[in-house]
Amino acid sequence: METDADYDVIIVGCGPAGLAAAIYTGRARLKTLLLGNEAAGGPIRGYEQVENYPGFPDGISGSKLGLQMMKHAVKYGLEFKLAEVEGIELQGADKVVQARIIREGPASYLAKAVIIAGGCHPKKLGIPGESEFTQKGVSYCGVCDAPQFAERAVAVAGGGDAGLTEALYLNRLASEITVIEQMPNLTASKILQERALAEPKIVVRTGTKIERITGEDHVNGLEIINLSTNEMTLLQVGAVLIRIGLEANTGYLKDLLSLDKEGLVLVNEELETSVPGIFAAGDIRHASSRQIAAAVGDGVTAALSAGRFIELKY
Ligand SMILES: Cc1cc2nc3c(=O)[nH]c(=O)nc-3n(C[C@H](O)[C@H](O)[C@H](O)COP(=O)(O)OP(=O)(O)OC[C@H]3O[C@@H](n4cnc5c(N)ncnc54)[C@H](O)[C@@H]3O)c2cc1C
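Keep in mind that this is a model prediction, so the values were computed, not measured.

**Section: the site of the ligand**
Inference 1: Near the ligand you find 32 residues, and of these Asn37, Glu38, Tyr47, Asn52 and Ile292 are the closest.
Inference 2: Take Pro16: an N or O atom from its main chain is 3.2 Å from an oxygen atom of the ligand.
Inference 3: In the environment of the ligand, an oxygen atom lies 3.4 Å from a nitrogen or oxygen atom belonging to the backbone of Arg290.
Inference 4: Burial of the ligand by the surrounding chains reaches 91%, relative to a free accessible area of 990 Å².
Inference 5: Listed by contribution, the elements that provide at least two residues to the shell around the ligand are α1 (16–27), β2 (32–36), β3 (79–91) and α5 (292–313).
Inference 6: Examining the composition of the shell around the ligand, we find that three residues originate from one element, β3, more than from any other.
Inference 7: Class assignment of the residues belonging to the shell around the ligand gives a composition of 16 nonpolar, 11 polar and five charged.

Following this line, the structure appears as structure tokens:
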């Protein structure tokens, strides 16, 4: 097929899924551009220690893992631009990817296939005080905002894996950590629960919901309600870290691709979306296991599928 495509494949997102895809498209000699709005590795750069990525029995820091993945992809010819992808349109079988290149401005690129690997962002509580005190004691990332938690009594909203991982990280910085979970039990994996419950500074309150974040210039407390007794109390904390789940980064895709009711991209077994030649990989797709190793596996599948698509259609 005749095409003016600038690239064989454009990948959106430089997390584990996007970088794994780039290694495979590069080795397949497909001309690849990766557009990512963060540095190499994406959010894993903030994880002090990744303990469950195969091949690293002593763990590896997220930033090192991300950098190694990027180095590996660049070795096979990856072109990377720091950019926010704002839209994708179809031009025949080609895809026009519209982006805002950081410190440069708008640009658009034509590709034969696109791999969406944009991941998710943390959900908000949506309660009074949350936006008012963001970065003034309200945070969504412990490592990124570590100084906000130092030497303070703090709270973590969310008793899942992400919440307890953060609580264990904050255990070294804060004077006391209260984990608040609205379900009757913690939902984190057993190993994280055991570790958190063994720490004297970590207190867990289940069946409890945060109703309001209070403060003047900075967070000074949380109004919390016990969901079985309806009793309202004020918990004095100097900061709160919110880890209550994730939302897909699919705002710019909702008119183009079929999404599930949570906004995650629907894909078939080859990770192809409802639009031929557009694939989705990692946390952003429906039914992902939301782990680094799973995202890497998805990146590989999406890259191989994109290669097959190009071979058949072009
Ligand atoms: C606190 C926490 C701890 C975790 N710890 C572990 C762990 O120890 N082990 C493990 O296996 N997993 C862990 N996970 C899960 C793991 O981080 C994810 O499963 C994995 O990062 C998903 O990779 P991804 O490439 O799909 O997406 P992401 O890693 O989210 O990367 C997506 C990238 O795309 C960028 N992006 C999004 N939209 C656009 C756009 N429009 N334009 C340009 N760029 C865009 C995003 O900003 C981001 O940089 C943890 C998660 C959390 C929240």
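From this point, things continue past the structure.
**Regarding the pairing of strand β9 (residues 176–181)**
Inference 1: The element β9 is largely enclosed, with a buried count of five among its six residues.
Inference 2: Taken together, the five bridges between strand β8 (residues 153–157) and β9 define a ladder with parallel strand orientation. Following the sheet pairing, Val156 is matched in β9 by Val179.
Inference 3: The parallel pair β8 and β9, bridged by helix α3 (residues 161–170), forms a crossover whose chirality is right-handed.
Inference 4: In this structure, β9 lies alongside strand β10 (residues 202–206), joined through five bridges in parallel fashion. Bridge pairing in β10 places Val179 opposite Val204.
Inference 5: At this point the chain moves from β9, through helix α4 (residues 190–197), to the parallel β10, and the crossover so formed is right-handed.

**Brief notes about the environment of Lys64**
Inference 1: The topology assignment puts Lys64 in helix α2 (residues 62–75).
Inference 2: Accessibility expressed as a relative area gives 52% for Lys64, which makes it exposed.
Inference 3: In this structure the C-alpha to C-alpha distance between Lys64 and Arg285, which are 221 residues apart in sequence, comes to 25 Å.

**A word on the packing of α1 against α2**
Inference 1: Look at α1 against α2: their axes get within 8 Å of each other, and the N-to-C directions meet at 25°. If you check the angle between α1 and α2, you find them roughly parallel. As α1 packs across α2, the resulting crossing turns out to be left-handed. Between α1, through Pro16, Leu19, Ala22 and Ile23, and α2, the contact on the second element is made entirely by Gly66, Met69, Met70, His72 and Ala73.

**Some remarks on α4**
Inference 1: Along α4, the residues that are buried comprise Leu192, Gln193 and Ala196. Along α4, the residues classed as buried sweep out an arc of 100° about the axis, all on the same side. Turned more than 90 degrees off the buried face of α4, the exposed positions are Lys190 and Glu194.
Inference 2: Packing partners of the buried residues in α4 comprise α3 and β10.

**Let's talk about the environment of Asn249**
Inference 1: By the element assignment, Asn249 lies in the loop between β15 (246–248) and β16 (278–280).
Inference 2: According to the relative accessible area criterion, Asn249 is partly exposed, its value standing at 28%.
Inference 3: Separated by 130 residues in the primary sequence, Asn249 and Gly119 place their C-alpha atoms 6.1 Å from one another.
Inference 4: Non-local contacts of Asn249, meaning those with residues more than four positions away in its chain, are made with Gly118, Gly119, Cys120, His121 and Ile284.
Inference 5: A polar atom in the side chain of Asn249 sits 2.8 Å from the backbone oxygen of Gly118.
Inference 6: Polar side-chain contacts of Asn249 include one of 2.6 Å to the side chain of His121.

**Comments concerning unusual backbone geometry**
Inference 1: One non-glycine residue, Asn230, lies in the positive phi region at around 65°.
Inference 2: By the element assignment, Asn230 lies in the loop between β12 (219–226) and β13 (232–235).
Inference 3: At Arg290, a position not held by glycine, the phi torsion is positive, near 50°.
Inference 4: The residue Arg290 is located in the loop between β16 and α5 in this model.
Inference 5: Residue Arg290 is classed as partly exposed on the basis of its relative accessible area, which comes to 31%.

**Considerations on the nonpolar core**
Inference 1: The biggest cluster of nonpolar side chains holds 36 residues, and the ones touching the most others in it are Ile115 and Ile292.
Inference 2: Every element with two or more residues in this core is listed here: β1 (7–12), α1, α2, β5 (105–116) and α5.
Inference 3: For this core, the element with the most residues is α5, which contributes nine residues.
Inference 4: By size, the runner-up hydrophobic cluster in this structure holds 25 residues, among which are Val97, Ile101, Leu257 and Val265.

**Details of the sheet that holds β8**
Inference 1: Strands sit in the order β7-β14-β8-β9-β10 across an open sheet of five strands; the sheet is parallel. Sheet topology places β7 (138–139) and β10 at the edges, where each strand pairs with a single neighbour.
Inference 2: As paired elements, β7 and strand β14 (residues 239–242) share two bridges and run parallel to each other. Each residue of the ladder has a partner; that of Val138, found in β14, is Val240.

Conventions and cut-offs
- Residues numbered from 1 in each chain as written.
- Predicted model: local features only at pLDDT ≥ 70, side-chain atom pairs only at ≥ 80, totals over all residues.
- Heavy atoms only, no water.
- Near = heavy atom within 4 Å.
- Polar contact = N/O pair within 3.5 Å; in protein donor to acceptor, adjacent residues only side chain to side chain.
- Areas by Shrake-Rupley, 256 points an atom, 1.4 Å probe, with all protein chains shown as cover.
- Helix = DSSP H or I, 4+ residues; strand = E, 2+ residues; numbered from the N terminus.
- Nonpolar A, V, L, I, M, F, W, Y, C, P; charged D, E, K, R; others polar.
- Buried < 20%, exposed > 50% of the residue type's maximum accessible area, 1.4 Å probe, protein only.
- Pairing = 2+ DSSP bridges.
- Right-handed = clockwise from strand over helix to strand, strands pointing away.
- Axes fitted to C-alpha atoms, helices over the stretch in contact; angles between N-to-C directions.
- Parallel < 35°, antiparallel > 145°, perpendicular 65-115°, else oblique.
- Left-handed = near helix turned anticlockwise from the far one by under 90°.
- Contact = heavy atoms within 4.5 Å.
- Arc of directions from axis to C-beta.
- Core = buried A, V, L, I, M, F, W, Y, C linked by side-chain atoms within 4.5 Å.

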